[in-house]
Amino acid sequence: MYLPLPSVGSTNTPSDICGDYIDASWAAEKLAAASDEVSVTDDDSAGYKVRLRLELAGIHSDFREALEDAIVLFQGGEVEEERYADILEQLRDYEDDLESYAPRLPELVDDYFANLVNGAYHELRSEAPEHYEAQIARYPERQFGFHKSALSHRLGAACFASPESWVVPASVDLDSFFAATGQRYRQNDFAAAEILVVNGRSYVCSHELVADFPMNQYFKSRVCAGLALQRIDDGWPSETLARSDATFTRLSIHESVPPHLRHMLAASQPPHAQCMIDSSGTLAVFNDGQFRYFLYGTTPLNRVAIESIYGKLVTTAESLASMVGLSAPLCDWSSLTDEQFEELCYDIIRSQPKFDVGSIRKLGKSRSRDGGRDIEVREFPAQPGARARKWIFQCKLVTNGASLASSKVQDVGDMLDIYDAGGFGVMTSALIDATLYDKLDAVCGKRRIDQLNFSRLELERELVRLPKIREAYFGKQTASR
């Protein structure tokens, strides 16, 4: 049998196309209910006319009545007006309950929803805004182009589709999903991948290829899934992108919670690869442990594009090497005396916008009896009426290449208590040893005192930002770097 779609291909009005698909779907389901087997395909033999080819087998005794209803619907009530009015009422009920219906031909239902959500809704928003708002209130995921797929019943879970993405519970078998949706992808053709962001663009990288990663598409899918499942499952968390819900990385909150309590976080890391990409580079699948997000906006990169990314990563790697002390020092710290080093630290503190320059004091000469205080300064209060916290800095010039160990910074706790400090920092021309970091964390953490430490790396980074100060102490020897 053939079902007509007279508006498809002959009009740009989405609502008319939706009308064709809802009529065809209702008629096809009526006929399918009176048959054992049914399938539908696009018919290519009708020339410029668009129609569907419906094949049925195992015809039941009530097939004639279903066929007559379908004929009356498509004839438009020219013969049986009363029966046509009754059919239209049935059609309205069918459309209203369509999302909860388990259709025999889900592809027609999905074609209807796709044209409704991504076409007719644009008309509805301007021509009938109250009706549109009522629809969005009932189906909030549709404002982002998603609808609950009619294949959900076949897959055994609520699945959501858009023109560019699918959101499917992780419990659904990957190959079963591909088979149900008629896709040729298979799980064995996917490789584990990672997400990389370079120069504001995101990529998905496996061992064999690099492709653009549609980050915006991913987050839209994530939000839409949360909206949809919140109305379907009252147990779904209201904050679908909460701080405790890691996306591509393990957030710091995971490290601060005791191991035996981490399972209570909203979203733990899945035990398998989070992201996979097909060998063709045209589909990325991201698994957050609860759902799979099928993102069809990936495009493999050519060699030139990959070389550009590589160049940026090399530059970034060099910067990171400098930050962790793997590169040569920028400044000749051995050219300074202890007194000059303290003066340089004083100038750097003055340049920090968080401090009140009118309150800064350098306490005595180098190695004088200053009670462990080389520089004192008060912080601008963050809020009106707040107390201006006092900060104390110790300056340690090291020129022998060694790191600054905890043994070189003594009696910090007593000094902070005596002088009522709210902040503390060490400024040194060396790298800071882990033992000193641990000591400062313990001492300051116990007293709830903030830290602002400057190792050689931080000092040199400040001197790059402050070329006049750098030239004043080191001349023009480093100006080109």
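Residues numbered from 1 in each chain as written. Predicted model: local features only at pLDDT ≥ 70, side-chain atom pairs only at ≥ 80, totals over all residues. Heavy atoms only, no water.

1. Brief notes about the sheet that holds strand E10 (residues 275-278)
- Strand order in the open sheet formed by 9 strands is E4-E5-E6-E12-E11-E10-E7-E8-E9, with antiparallel pairing between adjacent strands. Looking at the sheet topology across the chains shown, the edges are occupied by strand E4 (147-148) and strand E9 (210-212).
- Of the pairings in the sheet, the one linking strand E7 (residues 190-198) to E10 comprises 4 bridges and is antiparallel in character. Residue pairing in the sheet places Ala-191 in a bridge with Ile-277 of E10. (Pairing = 2+ DSSP bridges. Helix = DSSP H or I, 4+ residues; strand = E, 2+ residues; numbered from the N terminus.)

2. Here we look at the packing of helix H1 (residues 14-33) against helix H4 (residues 106-127)
- At a minimum axis distance of 8 Å, the contact between H1 and H4 shows a crossing angle of 160°. What the angle tells us is that H1 and H4 run roughly antiparallel. At the point where H1 passes H4, the crossing takes the left-handed sense. The segment H1 lies against H4, with Pro-14, Ser-15, Ile-17, Cys-18, Tyr-21, Ile-22, Ala-24, Ser-25 and Ala-28 engaging Leu-108, Val-109, Asp-111, Tyr-112, Asn-115, Leu-116, Gly-119, Ala-120 and Glu-123.
- Here the contact of H1 with H4 is built from residues that sort into 12 nonpolar, 4 polar and 2 charged. (Axes fitted to C-alpha atoms, helices over the stretch in contact; angles between N-to-C directions. Parallel < 35°, antiparallel > 145°, perpendicular 65-115°, else oblique. Left-handed = near helix turned anticlockwise from the far one by under 90°. Contact = heavy atoms within 4.5 Å. Nonpolar A, V, L, I, M, F, W, Y, C, P; charged D, E, K, R; others polar.)

3. Here's the deal with the packing of aromatic side chains
- Taken as a whole and judged by the stated rule, the model has 21 aromatic pairs.
- With centroids separated by 6.3 Å and ring planes inclined at 50°, the aromatic side chains of Tyr-185 and Phe-190 adopt a geometry described as tilted.
- For Phe-190, a relative accessible area of 11% puts it in the buried group.
- Judged by centre distance (5.3 Å) and plane angle (85°), the rings of Trp-333 and Phe-474 are edge-to-face. Here Trp-333 is found in the loop between helix H10 (303-323) and helix H11 (338-350), whereas its partner Phe-474 is found in helix H15 (residues 467-474), with 141 residues between them in sequence.
- Each member of the aromatic cluster is reached from another via a ring pair, and the members are Trp-166, Phe-177, Phe-178, Tyr-185, Phe-190, Phe-294 and Tyr-296.
- Taking the ring centre of Tyr-139 as reference, the NZ or CZ of Arg-142 above it sits at 3.7 Å.
- We note Arg-373 situated over the ring of Tyr-419; from NZ or CZ to the ring centre the distance is 3.7 Å. (Phe/Tyr/Trp six-rings, centres within 6.5 Å; stacked < 30°, edge-to-face > 60°. Buried < 20%, exposed > 50% of the residue type's maximum accessible area, 1.4 Å probe, protein only. Lys NZ or Arg CZ within 6 Å of the ring centre and 35° of its normal.)

4. Here we look at the sheet that holds strand E3 (residues 51-59)
- Strands sit in the order E1-E3-E2 across an open sheet of 3 strands; the sheet is antiparallel. If you trace the sheet from one side to the other, it starts and ends with strand E1 (2-4) and strand E2 (35-43), each paired once. Sheet twist, expressed as the mean angle between neighbouring strand axes with direction ignored, is 25°.
- The sheet contact formed by E2 and E3 spans 8 bridges and is antiparallel. Considered in E3, the bridge of Val-38 is made with Leu-56.

5. Considerations on the side chain of Asp-110
- Relative to the helices and strands, Asp-110 is located in helix H4.
- Buried Asp-110, no salt bridge; nearest opposite-charge side chain is Arg-154, N-O distance 9.1 Å.
- Side-chain polar atoms of Asp-110 contact the side chain of Ser-149, separated by 2.8 Å.
- Non-local contacts of Asp-110, meaning those with residues more than four positions away in its chain, are made with His-147, Lys-148, Ser-149, Ala-150, Leu-151 and Trp-166. (Lys, Arg positive; Asp, Glu negative; His and termini not counted. Salt bridge = Lys/Arg side-chain N within 4 Å of Asp/Glu carboxyl O. Polar contact = N/O pair within 3.5 Å; in protein donor to acceptor, adjacent residues only side chain to side chain.)

6. Section: H4
- A rise of 1.5 Å per residue sets the reference length of H4, with its 22 residues, at 32 Å; its end C-alpha atoms lie 29 Å apart and thus fit the reference within 8%.
- A bend of about 45° at Ala-120 is the largest found in H4. (Expected span 1.5 Å × (residues − 1). Bend = angle between axes of the 7 residues up to and from the residue.)

7. Focus: a negative patch on the surface
- On the surface, Asp-42, Asp-44, Glu-107 and Asp-111 cluster together into a patch of negative charge.
- Here Asp-111 is to be found in helix H4.
- Residue Asp-111 is classed as partly exposed on the basis of its relative accessible area, which comes to 32%. (Patch = residues over 30% accessible without salt bridge, like charges linked within 9 Å, V, L, I, M, F, W, Y side chains within 5 Å. Areas by Shrake-Rupley, 256 points an atom, 1.4 Å probe, with all protein chains shown as cover. Charge placed at Lys NZ, Arg CZ, Asp CG, Glu CD.)

8. Considerations on the pattern of salt bridges
- Within this structure, the stated rule accounts for 23 salt bridges.
- Among the salt bridges present, the one from Glu-68 reaches Arg-83, with a minimum N-O distance of 3.3 Å. Taken as a pair, Glu-68 in helix H2 (residues 63-75) and Arg-83 in helix H3 (residues 81-96) lie far apart in primary sequence, 15 residues in all.
- Here Arg-83 falls in the partly exposed class, since its relative accessible area comes to 21%.
- With a shortest N-O distance of 2.8 Å, Arg-389 and Glu-379 are connected by a salt bridge. Residue Arg-389 is located in the loop between strand E14 (375-378) and strand E15 (390-396), and its partner Glu-379 is located in the loop between E14 and E15; the two are separated by 10 residues in the primary sequence.

9. Notes on the pairing of E7
- Across 5 bridges, the pairing between E7 and strand E8 (residues 201-205) is antiparallel. When the bridges of E8 are listed, Val-198 appears paired with Arg-201.
- In this structure, the hairpin formed by E7 and E8 is closed by a connection of 2 residues, where Asn-199 is found at a positive phi of approximately 55°.

10. Side note on unusual backbone geometry
- Phi is positive for Asn-199, close to 55°, though the residue is something other than glycine.
- Positionally, Asn-199 belongs in the loop between E7 and E8.
- Its relative accessible area of 61% is what places Asn-199 among the exposed residues.
- Phi at Asp-411 takes a positive value of approximately 55°, unusual for a residue other than glycine.
- For Asp-411, a relative accessible area of 54% gives the class exposed.

11. Some words on helix H5 (residues 129-138)
- Three or more residues of H5 are buried, namely Tyr-132, Gln-135 and Ile-136. Seen from one end, H5 has its buried residues packed into an arc of 95°, which puts them on one side. Residues of H5 that are exposed and angled more than 90 degrees away from the buried face: Glu-130 and Ala-137.
- If you follow the buried residues of H5, they end up packed against H4. (Arc of directions from axis to C-beta.)

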